[in-house]
Amino acid sequence: MKKLGTVLAAMAMATGVYAQNHVFDVNTSKVGGSIPSTMYGIFFEDINYAADGGLYGELVKNRSFEFPQNLMGWKAFGKYELKNDGPFKKNPHYVRLHDSGHRDKFTGLENEGFFGIGYQKNAEYRFTVWARNPKDDGDVTVRVLLCDPNTMSERQQFTEGKIVVSGKDWKKYEIVLKAGKTVDKGTLRLMLTRNSKTVDLEHVSLFPVDVYKGDANGLRKDLAQALEDLHPGVFRFPGGCIVEGTDLATRYQWKNSVGPVENRPLNENRWHYTFDYRFFPDYYQSYGLGFYEYFRLSEQIGAEPLPVLSVGLSCEFQNGDKRGDMHVDVDQLQPYIDDVLDLIEFANGDPAKNSWAKLRADMGHPAPFNLKYVAIGNEQWGAIYPENLKPFIEQVRKKYPNIKIIGTSGPDSEGGKFDYLWPEMRKLGVDLVDEHFYRNEEWFLKSGNRYDNYKRGKGQPKVFAGEYACHGKGKKWNHFNAALMEAAFMTDLERNADVVEMATYAPLFAHVDGWQWRPDAIWYDNLRSFNSCSYYVQQLYSLNKGTNMLSLTMNGKPVAGNDGQDGLFASAVFDKNTSEVIIKVINTGDKAQGVTFNLKGMKKGDYSAQLVTLHSDNLTAENTLDAPKAIVPQTKTVSVAAPTTDISVPARTFAIYKIKK
Ligand code: AHR
């Protein structure tokens, strides 16, 4: 017998009385395949000052004086010298300060931070420096001042401490200072006291004491917390294009990013010059946030670590795909393959048997990180990519058969490069294929069935939607409509969770003063941060991902914004842990839509349900630093009747119904 809702809908169609009603058949009695725990994740790249100046807690820019212009980020005054025979081999530069020679003159250094240094009144800051008195002729006092250079007050410094340096051997000095004022664009000033002696300073560092989980070499707390709050299933790092480098010498090299921070060599950041209209000549990678820290963070936020490594090809956007100086020939690839094999040891190996595993233990993590995935290559294309990838796969499979390998389908969501690479990836037998799509609203509206007909089953690679975001036509920022488009599209990921194993919105972070690429999930200045509407869409999917797929159809078809579906998108899952049927409905249109849930398999009765919505009347509205919660999810309790219930989904709304079975 037809359910009441279906009958009503049929009557409605015949009479036109309820012409707007859409009947969603949700089969709650037949639980489908499981939703992978990795399904909704995060993608981190040091773009938009995401690492140095962002997630990484360090407040001093160019702390080791290794930028090509060694004093970039610093103002040096008085009598000083730049030296290059310091205690850290890979960062040899340091600064020597001499007494000015005059009672009324001063010698010292002042650091501008990343777009200034943010100080919060009463918060504590840990200042450390490596120092020595090269002449060994007694104590040298260095004043450490937290300053507000833009103040009209009597004194620029609002907090002062000092370190007393003695002896000719390099030693690490530390003091903790409590900020006497809140300043968003402060500085750190170091001054020799009057009539002083000579002092050498290296690796000048300042961290908030209150970093995420209190870790040494820690992370900015609000930003790391925002990641934890996403409950990501997978954490992809460290990029993106920086994995490839503009040239091979500047590719991300993970081995340089581990071990003592003082000896991690500087790398260029290609995002400092990628767009001449968003140009940041002081953007480098200190590697202070390196692979150890990425693994540690993965563990802390409960996400599977997913490192991406170079396949021996530098950025093909910048260098093309013909072999030459910019790409490594297949017979020269062994050092690159070793980087992958050694990384697996660094993450999982036995410290007693392997030196990379020992380094992990020495850094504070004797237990393995339990790495399960590696991605090899970022946005590569052309025959050059599968040629290079093949020997990586052979060697990784031989030594580590349980590690899942991720290849790429290139930079486009479809087209020639994509169509060429997918079959190549199948031939090579990768476990997952990384797809990227930064596309406009129309693309998202038309892509609701993207994965419905993907090849699936044994031997077929799964999909990793590794970078995606809606880039609105003519409005490339984090407006509400972009988030709504993403929410609509994500019903396709959810419905096809047997094909899509993981998906990561991109990019993750952006400093409001230093971005190169937008939209982004999380924005910040030196003291504040906010989550974009897109962040909340990701969070809503992640918190409501359920454990198993459920079939949801309208007239026997998926609800994916197709003709006759009035801009509706929908998907359903079951959560075995909470016994909830979770239905996501996105109305992308400008009219409210009536929907009947036909909940097959639910006992007749009234159920209390949670309704979570994300909505804005203004499609171009966004969250900002000043109005961080302008558009956030709203939750209320509603009553839902089974087996059929009628609901209305307001225009431009992402709605989630959570019904306890
Ligand atoms: O996310 C920004 C960039 O977009 C990534 O670095 C790259 O993989 C893609 O082109």
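Residues numbered from 1 in each chain as written. Predicted model: local features only at pLDDT ≥ 70, side-chain atom pairs only at ≥ 80, totals over all residues. Heavy atoms only, no water.

A. Here's a closer look at the overall build of the chain. If you tally the helices and strands in the chain, you get 13 helices and 34 strands. A globule of 661 residues ought to have a C-alpha radius of gyration of about 26 Å, and the chain, at 28 Å, matches this closely. Residues counted as buried form 61% of the 661 residues belonging to the chain. Excluding contacts between residues fewer than 6 apart, the proportion of contacts in the chain whose partners are at least 24 apart in sequence is 77%. Looking at the chain as shown, the accessible area adds up to about 25,700 Å², and 49% of this sits on carbon and sulfur atoms. Of the charged side chains in the chain, 80 are positive and 81 negative, and the gap between their average positions amounts to 4 Å. (Helix = DSSP H or I, 4+ residues; strand = E, 2+ residues; numbered from the N terminus. Rg over C-alpha atoms; globule rule 2.2 N^0.38 Å. Buried < 20%, exposed > 50% of the residue type's maximum accessible area, 1.4 Å probe, protein only. Contact = heavy atoms within 4.5 Å. Areas by Shrake-Rupley, 256 points an atom, 1.4 Å probe, with all protein chains shown as cover. Lys, Arg positive; Asp, Glu negative; His and termini not counted. Charge placed at Lys NZ, Arg CZ, Asp CG, Glu CD.)

B. Summary view of the site of the ligand. Around the ligand, a shell composed of 13 residues is seen, among which E45, C241, E379, Y438 and E467 lie nearest. Between an oxygen atom of the ligand and a side-chain N or O atom of E379, the distance comes to 2.7 Å. Contact distances for the ligand include 2.7 Å between an oxygen atom and a side-chain N or O atom of Y438. (Near = heavy atom within 4 Å. Polar contact = N/O pair within 3.5 Å; in protein donor to acceptor, adjacent residues only side chain to side chain.)

C. Representation of the pattern of salt bridges in the model. For the coordinates displayed, the defined rule picks out 42 salt bridges. Put simply, D321 and K322 hold a salt bridge, and the shortest N to O gap is 3.0 Å. What makes D321 partly exposed here is its relative accessible area of 22%. Within this structure, D412, E414, E435, R439 and R450 form a network of salt bridges that share partners. (Salt bridge = Lys/Arg side-chain N within 4 Å of Asp/Glu carboxyl O.)

D. Representation of the side chain of N587. Topologically, N587 is positioned in strand β29 (residues 580-587). With near-sequence residues (within four places) excluded, N587 lies in contact with L484, D566, G567, L568, A592, Q593, V649, P650, A651, R652 and T653.

E. Representation of unusual backbone geometry in the model. The linkage connecting G239 with the following residue, G240, adopts the cis geometry, with an omega of 20°. Locating G240 in the fold gives a position in the loop between β14 (234-237) and α4 (241-244). A cis amide bond links A506 to the next residue, P507, at an omega of -20°. The residue P507 is located in the loop between β22 (500-505) and β23 (509-511) in this model. Not every positive phi belongs to a glycine, and F115 is a case in point at roughly 55°.

F. Spatial organisation of the domain arrangement of the chain. Split by domain assignment, the chain resolves into domain 1 (4-35 + 547-660), domain 2 (40-57 + 213-218 + 231-328 + 377-530) and domain 3 (74-208). Between the C-alpha centres of domain 1 and domain 3 there is a distance of 59 Å. (Domains from an automatic or database assignment.)

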